[in-house]
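Chain by chain, the residues run as shown.
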Amino acid sequence: ARAGWVDRLKLGLRKTGSSITTVFTGTRIDEALYEELEEALLMADTGVKATTVLLDDLRRRVKEARATEPAAVRELLIDAIADLLRPLQKPLVIGEHKPTVVMVAGVNGAGKTTSIGKLTRHLAAHKASVLLAAADTFRAAAREQLAVWADRNYVEIISQQGGDPAAVAFDAVNAGRARGKDVVLVDTAGRLPTQLHLMEELKKIRRTLVKADTAGTGVPHEVLLVIDGNTGQNALMQVKAFDDAIGLTGLIVTKLDGTAKGGVLAAIAQERPVPVYFIGVGEKLEDLETFDAREFAQALLG
Ligand code: GDP
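About the thresholds
Residues numbered from 1 in each chain as written. Predicted model: local features only at pLDDT ≥ 70, side-chain atom pairs only at ≥ 80, totals over all residues. Heavy atoms only, no water. UniProt positions renumbered as here; feature names shortened; annotations may be inferred. Helix = DSSP H or I, 4+ residues; strand = E, 2+ residues; numbered from the N terminus. Salt bridge = Lys/Arg side-chain N within 4 Å of Asp/Glu carboxyl O. Buried < 20%, exposed > 50% of the residue type's maximum accessible area, 1.4 Å probe, protein only. Phe/Tyr/Trp six-rings, centres within 6.5 Å; stacked < 30°, edge-to-face > 60°. Lys NZ or Arg CZ within 6 Å of the ring centre and 35° of its normal. Near = heavy atom within 4 Å. Polar contact = N/O pair within 3.5 Å; in protein donor to acceptor, adjacent residues only side chain to side chain. Areas by Shrake-Rupley, 256 points an atom, 1.4 Å probe, with all protein chains shown as cover. Nonpolar A, V, L, I, M, F, W, Y, C, P; charged D, E, K, R; others polar. Pairing = 2+ DSSP bridges. Axes fitted to C-alpha atoms, helices over the stretch in contact; angles between N-to-C directions. Contact = heavy atoms within 4.5 Å.

Taking an unreviewed UniProt entry as the reference, the protein chain is identified by name as Signal recognition particle receptor FtsY belonging to Pseudorhodoferax aquiterrae. Per UniProt, the protein chain has the following entry under Subunit (unreviewed entry): "Part of the signal recognition particle protein translocation system, which is composed of SRP and FtsY. SRP is a ribonucleoprotein composed of Ffh and a 4.5S RNA molecule." UniProt's Catalytic activity (unreviewed entry) comment on the protein chain is quoted here verbatim: "GTP + H2O = GDP + phosphate + H(+)".

Visitor: Just to check I follow, could you spell out the UniProt feature "domain: SRP54-type proteins GTP-binding" (unreviewed entry) in the protein chain for this structure?
Guide: Summarizing the sequence annotation, UniProt attributes the feature "domain: SRP54-type proteins GTP-binding" (unreviewed entry) to residues 275–288 in the numbering used throughout. Regarding residues 275–288, the helix share stands at 0% and the strand share at 43%, and the terminal C-alpha atoms are separated by 15 Å.

Visitor: Even after reading the chapter, I still don't get the pattern of salt bridges, so can you show me in this structure?
Guide: Enumeration over the complete set of coordinates arrives at 21 salt bridges. The salt bridge partner of Arg61 is Asp83, with a shortest N-O separation of 2.7 Å. Pair noted here: Arg61 is in helix H4 (residues 48–65) and Asp83 is in helix H5 (residues 70–85), with a separation of 22 residues, a long-range link. Overall, the relative accessible area of 15% leaves Arg61 in the buried class. With a shortest N-O distance of 3.3 Å, Asp164 and Lys204 are connected by a salt bridge. Taken together, the positions of Asp164 in the loop between strand S3 (156–158) and helix H8 (165–178) and Lys204 in helix H9 (residues 198–211) put the pair 40 residues apart, joining distant regions of the chain. One salt-bridge network, held together by shared partners, links Asp57, Arg60, Arg61, Glu64, Asp83 and Arg86.

Visitor: Would you mind going over the packing of aromatic side chains with me for this structure?
Guide: Aromatic ring pairs are defined here through the distance separating the ring centres and the angle between the ring planes. One pass over the full model with this rule turns up one aromatic pair. Taken together, a centroid distance of 5.6 Å and an interplanar angle of 55° make the contact between Phe291 and Phe296 tilted. For the pair shown, Phe291 and Phe296 are each scored as buried. The ring centre of Tyr34 lies 4.1 Å from the NZ or CZ of Arg59, which sits over that ring. In this structure, Arg152 packs its charged tip against the face of Trp149, placed 4.5 Å from the ring centre.

Visitor: Looking at this structure, I do not really get the site of the ligand. What am I missing?
Guide: Near the ligand, the surroundings consist of 17 residues, among which Gly109, Lys112, Thr113, Thr114 and Glu283 are the closest. The backbone of Gly109 places a nitrogen or oxygen atom 2.6 Å from an oxygen atom of the ligand. With respect to the ligand, the side chain of Thr113 contributes an N or O atom lying 2.5 Å from an oxygen atom. Relative to its unbound accessible area of 580 Å², the ligand is 78% covered by the protein chains. The element best represented in the shell around the ligand is helix H6 (residues 112–125), accounting for four residues. Split by residue class, the shell around the ligand holds three nonpolar, nine polar and five charged.

Visitor: What exactly am I supposed to notice about the sheet that holds strand S2 (residues 130–134) here?
Guide: The strands making up a sheet associate through hydrogen bonds between their backbones, and the pairing can be parallel or antiparallel. On the basis of which strands lie adjacent, the open sheet formed by eight strands has the order S3-S2-S4-S1-S5-S6-S7-S8 and mixed pairing. Lying at the two open borders of the sheet, with one neighbouring strand each, are S3 and strand S8 (288–290). The mean angle between the axes of side-by-side strands here comes to 25°, regardless of whether they run parallel or antiparallel. Two strands pair when backbone bridges link them, and strand S1 (residues 100–105) and strand S5 (residues 222–228) are joined in this way by four bridges, in the parallel orientation. Its bridge partner being in S5, Val104 is matched across the sheet by Leu224. The sheet strands contacting H6 are S1, S2, strand S4 (183–187), S5, strand S6 (250–254), strand S7 (276–280) and S8, and the helix crosses S4 at an angle near 175°. Sheet contacts for helix H7 (residues 140–153): S2, S3 and S4; angle to S2, the most-contacted strand, approximately 170°.

Visitor: I keep staring at unusual backbone geometry and nothing clicks. Help me out?
Guide: Most of the time, phi is negative for any residue but glycine, and the peptide bond is trans. Cis peptide bonds are those with omega within 30 degrees of zero, and the linkage from Lys98 to Pro99 qualifies with -5°. Position of Pro99 among the secondary structure elements: in the loop between H5 and S1. In this structure, the amide linkage connecting Val219 to the following residue, Pro220, adopts the cis form with an omega of -5°. Relative to the helices and strands, Pro220 resides in the loop between H9 and S5. The backbone of Lys127 sits at a positive phi, close to 65°, despite the residue not being glycine.

Shown next, in the form of structure tokens:
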């Protein structure tokens, strides 16, 4: 499964790849090429700002390299995209604190629960003991699904039907400390059945986690947002909204094996550069990969 993930990423991004690649089939580097490229990048969810930055940077690189062949421009575009995405390439570091407390947010359907399952497996593979906290006390299905992932990974779960999600989060930090866990992963609601505002709920959980931090180590140490790579500019809006509300430290971008266009990462890099700790490239437990800017730029161009 491991060897094939870049192929799956490429397959997922193939539409973007083929529409950008056709731009370079001409014989000349002219304004028409840049115009076509602009269109292809916008179509790939790159957004106006990042597209402008990329094209300016590309023109500079083309001039510097004295490139004359469109094929050479393609390579320079890969360099430009990789450089733009590089600030997003950062590993999730576990082990500085025990337990490391990780709060995970994301709208329903983004792939949050699946990603928590994958992340748990990833951490276990790195010899970290994990405690899961089901702080979505509203949706029974959410709790049950998380419990399934806990079972699959042989880890313990703190869960409670109804009641205060923040209290579950608080208890989980204490339990994690008492049981000597390396990581406490706190799952949160992606949608609420009541009038309660989701962001207010998440802020409350965050505040409560801070209160549980009796040793003052900076709990929550990580605040992750899971976004669906297929949702384009909407994903960027989510990054901004959640970051404003709860201060994100990292992202997990899911479903990049599907029909995602991928350009949204360039938009995120340009407008709200929150590190991409992991990308999701499938539905299975092992389908979680660390993000590599150059690899992604290459996959984007097919
Ligand atoms: P949640 O509502 O955010 O918790 O979302 P789920 O974790 O339940 O995932 C929603 C759907 O997306 C499920 O069918 C998952 O199998 C699927 N999914 C999650 N991550 C990925 C991914 O990286 N690739 C693919 N192809 N599907 C994914």
